Amino acid sequence: MAATRAPVGPITAASMKVAQIPKPGGEFQIVDREMPDPGPGHVRMKVQACGVCGSDALTKEGSWPGIQYPRVPGHEVVGVIDKLGAGVSNWKNGQRVGVGWHGGQDNTCPSSRRGDFRNCRNLKIPGISYDGGYQQYMVAPVEALVEVPESLTDAEAAPLLCAGITTYNALRHSGAMPGDVVAVLGIGGLGHLGIQFANKFGYKVVAIGRGSESAALTNPVEALQKAGGRAGNLSDSSELESDSSELFSGLGPNGKLMVIGVTFDPIEVTPVQLISGSRTIQGWAAGTPADSEDTLRFAELTGVRPMVETYPLEKAAEAYARMMSGKAEFRVVLTM
Ligand SMILES: [Zn+2]
């Protein structure tokens, strides 16, 4: 009897859809790629949702140094682990996880050695250092993984992994105490979460919108001073830098401006503005996966939720344009 032989031919690996940027300033392309395998210390996750963030423009336009193209953006990712790389023992197949802005630290730089992973000199950022969440399957290092509570949907949890943690963490490190006045500048993807967190933290919240939309508040500086302006301002926006300089005067004594909107534009504040009232400015970048877990649990506990508009992965370009228009209410999320 002749032995049956397996058919000979190319071995076709499973493929997946990704939304990639081919070059700096290029348009989104939806392409098929071979499914990636997780290396040692990495997992592969089946992506369920990925938030669309203003910082994705760094990848789209190539304004962050050193990005290799084509690159898949996305750093607000929620999915389910479907394959473990070698040496991964503390995460399981089928476990629901997220990946945010903090995509892994090097464990060797001076900050990392002091446990200050947020300020790792070689911080990896999903969608910038490696392919992010605008795809059906994504590989991530274990030090980037966030456990996601069951009570949050994929589309709710995703924006909390950048917009959420950034506002939550900046506010809780701002020095503002319950009862203090906190102004949130810019009511977008970050701002609408900042307002909710600030409210649940027990601050008196003054929300200040952009440009003409803030016409109701004709003089925000005056409004702030009237409100007491004792503590922090949280500035979320590329468009508010000039406003933030002016609004800086609305800060009360010992007030602090927390800057969380990523841009390359200068903020102008005079020494007089800083010195009178001992005011300060501080930048704040997201946080570690453990901070993300704090954010998710706090949201679960208090009912803070992002308001989202969802788009399928195939419409990544449309979703991105919607986010960039500033008209989204309030966070755009891709669902796979
Ligand atoms: Zn972001």
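Structural data are supplied above this passage.
Residues numbered from 1 in each chain as written. Predicted model: local features only at pLDDT ≥ 70, side-chain atom pairs only at ≥ 80, totals over all residues.

Peer 1: Outline the overall build of the protein chain, supporting the account with residue identities and numerical values.
Peer 2: The secondary structure content of the protein chain amounts to nine helices and 14 strands. Buried residues in the protein chain amount to 46% of all 336 residues. For the protein chain, the share of sequence-separated contacts (at least 6 apart) that also reach a separation of at least 24 residues comes to 72%. (Helix = DSSP H or I, 4+ residues; strand = E, 2+ residues; numbered from the N terminus. Buried ≥ 20, exposed ≤ 12 C-beta atoms within 10 Å, placed from the backbone. Contact = placed C-beta atoms within 7 Å.)

Peer 1: Lay out the packing of helix α3 (residues 154–172) against helix α8 (residues 289–302) with the relevant residues and their values.
Peer 2: At a minimum axis separation of 9 Å, α3 and α8 run at an interaxial angle of 100 degrees. Considering their axes alone, α3 and α8 lie roughly perpendicular with respect to each other. Across from A157, L160, L161, G164, I165, Y168 and N169 in α3, the residues of α8 making contact are D291, S292, T295, L296, F298 and A299. Split into classes, the residues belonging to the contact of α3 with α8 amount to eight nonpolar, four polar and one charged. (Axes fitted to C-alpha atoms, helices over the stretch in contact; angles between N-to-C directions. Parallel < 35°, antiparallel > 145°, perpendicular 65-115°, else oblique. Nonpolar A, V, L, I, M, F, W, Y, C, P; charged D, E, K, R; others polar.)

Peer 1: Describe the pairing of strand β14 (residues 331–335), and please don't skip the residues or the numbers.
Peer 2: Among the five residues of β14, four are classified as buried, and the element is accordingly described as predominantly covered. Of the strand pairs in this sheet, strand β3 (residues 42–52) and β14 are connected by four bridges, and their pairing is antiparallel. Looking across to β14, one finds that C50 is bridged to L334. Relative to β14, strand β13 (residues 308–312) runs parallel, the two being bridged by five bridges. Across the sheet, the residue bridging to E309 is V332, located in β14. Regarding the hand of the β-α-β motif, the stretch spanning β13, helix α9 (residues 316–325) and β14 is right-handed. (Pairing = 2+ DSSP bridges. Right-handed = clockwise from strand over helix to strand, strands pointing away.)

Peer 1: Requested: an account of the environment of T335, with residues and values cited.
Peer 2: Within the fold, T335 resides in strand β14. Exposure remark for T335: the 18 C-beta atoms within 10 Å place this residue in the partly exposed category. In this structure the C-alpha to C-alpha distance between T335 and G51, which are 284 residues apart in sequence, comes to 8.7 Å. Setting aside chain neighbours within four positions, we find T335 in contact with A49, A155, T310 and P312.

Peer 1: Go over the nonpolar core with me, naming the residues and quoting the values.
Peer 2: Within the largest apolar cluster, 81 residues are counted, with the highest numbers of intra-cluster contacts made by A158, V333 and L334. The element best represented in this core is α3, accounting for eleven residues. Each of domain 1 (16–161 + 287–335) and domain 2 (174–283) accounts for three or more of the residues forming this core. Apart from the residues within four sequence positions on either side, A158 is in contact with A49, C50, G51, E76, V77, V78 and V333. (Core = buried A, V, L, I, M, F, W, Y, C linked by C-beta atoms within 7 Å. Domains from an automatic or database assignment.)

Peer 1: Could you give me a rundown of the packing of α3 against helix α4 (residues 191–200), with the residues and numbers involved?
Peer 2: Taken N-terminus to C-terminus, the directions of α3 and α4 make an angle of 40 degrees; their axes are 9 Å apart at the nearest point. Relative to α4, α3 is oriented oblique. Of the two possible hands of crossing, α3 and α4 adopt the one that is right-handed. Contacts between α3 and α4 pair A163, G164, T167, Y168 and L171 from the former with L193, G194, F197 and A198 from the latter. For the contact of α3 with α4, the per-class residue count stands at six nonpolar, three polar and no charged. (Left-handed = near helix turned anticlockwise from the far one by under 90°.)

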